[in-house]
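Report on the structure
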Amino acid sequence: MNCAWCDTEIILSLSWANLIMLEKEEILCSECKLGLEWINGNRCDRCSRNTTEKRCADCMWWEEKEKNESLQFNYSIFTYNPFMKEVIAKWKYRGDYYLGYIFENYLMEAFKENFSFLKKNGFVVPIPLSEERLLERGFNQAKMIADFLKIETKEILTRLHGEKQSKKSRMERIISKNPFFITESINKPVLLVDDIYTTGTTLRHAARLLKKHGCPNVYALTLVRG
Amino acid sequence: MNTIVETITPTQLENLSRIFSGRILLRREIPLNEPTFQQFLDNQYLIPQKSIIKKLLAHQCMRCGNEKKSLFAKIPCSICNKTHLYCRKCIQMGRVMECEPLYTWGGEPPNWSTYKQPCTWDGTLTQGQLQASNHMVQAIRSGEKEYLIWAVCGAGKTEMIFPAITETLQQGKRICIATPRADVVRELYPRLQKAFEEVPVQALYGGSETKDATAQLIIATTHQLLRFQHAFDVVIVDEIDAFPFHADPSLPYSANRAKKQDSTMIYLTATPRKDHQKRIAKKTLPHTFVPVRFHGHPLPVPKTKICFSLKKDLDEYRLPKAFYNWLPKRENSKRQLLIFVPTIKLAEKMKDSLASILKKEKVISSEAMLTSVHAEDVDREEKVIQFRQKKITVMITTTILERGVTFPSVDVAIVDAGHSVFDEAALVQIAGRAGRSADDPIGEVIFFHDGKTEAMERAIASIKKMNKRGGFET
């Protein structure tokens, strides 16, 4: 087994624990793993940002802007530190699909801890890419994340082709038009998944559309809080 | 090229052959719209070939040569709706997928220009340089497959290759100068343009403006050679021993593929690795040794200074006492100072403790005249320029500046010279940073250590030996 990031060999220490538990093997070596930075301590109960406030200023702004906040809450696992930026860039933009597996265990855990209540009667909906972008990249990173979770995935959103979110300024993002279309109404709660929560605009666009079509509550699980 | 080419004129065909011949490209690297592209396939101007092949025990990426299992992975592909392999090795150059072929030129090869006197450089070569460059020209003329130039740091390798370039262009052939580092491409590009004013030159590196390779004279990073196949009559690989060329098997693989069947490959190095040294000893690799620097002075021989509390000092991000003892006793206090440290962390953290002492010793007048650089430093190019302009007096650096950079007048200190990052080649290269100009042809090189390593001893012995071969008393 070689590290998914640096490709040096990972020497597994054999213990009774991993023999009996048959734990999923780590695909990141211990040194590279140090590069991951978990969000810990106090976080905004709406968007997962590290803050001492109960709810951060951005989320207060969203609440004021949208009379009914469309997103119940977002849970993110990691900070967008320089290491994560590199990993995401190579995974998503260079298209190194395999790197997504680094996050499999962490996503499963985060789901179990925060969203088990959706397991019985909810769905997970990945944020889609436009057809053009999908053909360019060959895969959708959000779909990969969704497939890790032990809950049924429904790809009921489609997306209009536009400029990449990451190329836009903060304001351009927030005032951008809703790029999503819905192909099927759902009257059960939905967990949206995506790789990054940056301004929260994308997720709120999707959430608003889902709610408009009968979805009672929309939550979000994202790998990174940007 | 946005319309379908109904009939292609000979001139157009010649232009197209210059764009595509000698290249091995992914569809997205080919700037043709879909109908034109299809027509090119029908006319067999472009030939598709498998991008990932199955071998007996492994797969192989046909662009980078990768056969390592951990550097292939499967992707459920939204383009072909199948799950298949892709190469993780060369993914920084655009992903090679099993479902997408690589394309090569199937038309006639281009007619390159024949130049009478392409070289506009009016300098003169030293005797050592001249000998090496004559041998290179000879090797090209007689169709020698490989030739190695072993030239000490500061011998003036760039000027030495000008006659080889001239010879190639006079024969109407195509040449590429490849080097492992983009910094070097950027530095050499304007020098080549100036030395060959009438010849179109293109520089290729990650992030370079030019992506096309239509010129007869190309300077590129060795990584860029991944997109070439049977393109060059002469390939000069600079710093053949440098990282990542010697460590990454896909770079020699692609350098080999980039040359034509009948071609000459010239290697330049100041510190040949073992494999080349062995071949030199066995006389299977013809070579020329240039033992003298262009200014005619010997290489500075490093001195060693033992520091008993080195580990403790480094733990506390301090330079050892021996360094501070040496500092006021330098032979020429006007020289700038390069301090090599083994890790990025040390480079960053040593700055503060060093600044106050340098100020006290009046080596610098303000903290702004001290800086540190390393590979992850985004301002690294800017800092190197400032050091060259002498706006910065003292620079702490990792091995990133071990080669390829020239500062006219520096003293060099290597702190913890026994660390494993400082192998023999690195130490010789670092020592070679001193005494680079004719105005100040000597410089001090000090190894601060807490126990001499074999690498240190071999580096010193090898420098002395090179000086001896250059006719200097040691």
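This text goes with the structure placed above it.
First things first, this report covers the structure right here in the doc. (Residues numbered from 1 in each chain as written. Chains lettered and ligands numbered in written order. Predicted model: local features only at pLDDT ≥ 70, side-chain atom pairs only at ≥ 80, totals over all residues. Heavy atoms only, no water.)

Thoughts on the interface of chain B and chain A
Counting from both sides, the interface comprises 16 residues of chain B and, opposite them, 16 residues of chain A. For the pairing of chain B and chain A, the buried interface totals around 1400 Å² over both sides, and the portion due to carbon and sulfur atoms is 46%. Put simply, chain B and chain A have two salt bridges between them. For D96 of chain A, the salt bridge identified is with R88 of chain B, shortest N-O distance 2.9 Å. (Contact = heavy atoms within 4.5 Å. Buried area = accessible area lost by both parts, 1.4 Å probe. Salt bridge = Lys/Arg side-chain N within 4 Å of Asp/Glu carboxyl O.)

A word on unusual backbone geometry
Look at the link from F243 of chain B to P244 of chain B: it is a cis peptide, with omega at 0°. Within the secondary structure, P244 of chain B sits in the loop between strand 12 (232-237) and helix 6 (250-258). With a phi angle near 80°, S48 of chain A is a residue other than glycine that sits in the positive phi range. When its relative accessible area of 1% is taken as the criterion, S48 of chain A is described as buried. (Helix = DSSP H or I, 4+ residues; strand = E, 2+ residues; numbered from the N terminus. Buried < 20%, exposed > 50% of the residue type's maximum accessible area, 1.4 Å probe, protein only.)

Observations concerning the packing of aromatic side chains
Taken as a whole and assessed by the stated rule, the structure comprises 30 aromatic pairs over all chains. Between the aromatic rings of F20 of chain B and W105 of chain B, the centroid separation amounts to 6.1 Å while the plane-to-plane angle is 20°, which identifies the pairing as stacked. Of this pair, F20 of chain B sits in helix 1 (residues 10-20) while W105 of chain B sits in strand 7 (residues 102-105), and the two are 85 residues apart along the sequence. Judged by relative accessible area, which is 2%, F20 of chain B ranks as buried. For W105 of chain B, a relative accessible area of 12% translates into the label buried. The ring of W5 of chain A carries K90 of chain A above its face, with NZ or CZ at 5.4 Å from the centroid. Taking the ring centre of F228 of chain B as reference, the NZ or CZ of R23 of chain B above it sits at 4.3 Å. (Phe/Tyr/Trp six-rings, centres within 6.5 Å; stacked < 30°, edge-to-face > 60°. Lys NZ or Arg CZ within 6 Å of the ring centre and 35° of its normal.)

Thoughts on the packing of helix 3 (residues 127-141) of chain B against helix 4 (residues 157-170) of chain B
Packed helices, taken two at a time, are described by the angle between their axes plus the distance between the axes. Residues and elements named next belong to chain B. Where helix 3 contacts helix 4, the two axes come as close as 8 Å, and the packing angle between them is 25°. Taken as axis vectors, helix 3 and helix 4 run roughly parallel relative to one another. Crossing of helix 3 over helix 4 shows right-handed handedness. Residue-level inspection shows Q129, A132, S133, M136, V137, I140 and R141 of helix 3 in contact with helix 4, the latter providing E159, M160, I161, P163, A164, E167 and T168. The residue makeup of the contact of helix 3 with helix 4, split by class, is eight nonpolar, three polar and three charged. (Axes fitted to C-alpha atoms, helices over the stretch in contact; angles between N-to-C directions. Parallel < 35°, antiparallel > 145°, perpendicular 65-115°, else oblique. Left-handed = near helix turned anticlockwise from the far one by under 90°. Nonpolar A, V, L, I, M, F, W, Y, C, P; charged D, E, K, R; others polar.)

With respect to the nonpolar core
Judged by nonpolar contacts, the single largest core of 90 residues is most densely connected at I149 and I165 of chain B. Apart from the residues lying within four places of it in its own chain, the contact partners of I149 of chain B are A132, M136, M160, I266, Y267, L268, T269, T288 and V290 of chain B. With 48 residues, the next largest nonpolar core counts F139, M144, L149 and V193 of chain A among its residues. (Core = buried A, V, L, I, M, F, W, Y, C linked by side-chain atoms within 4.5 Å.)

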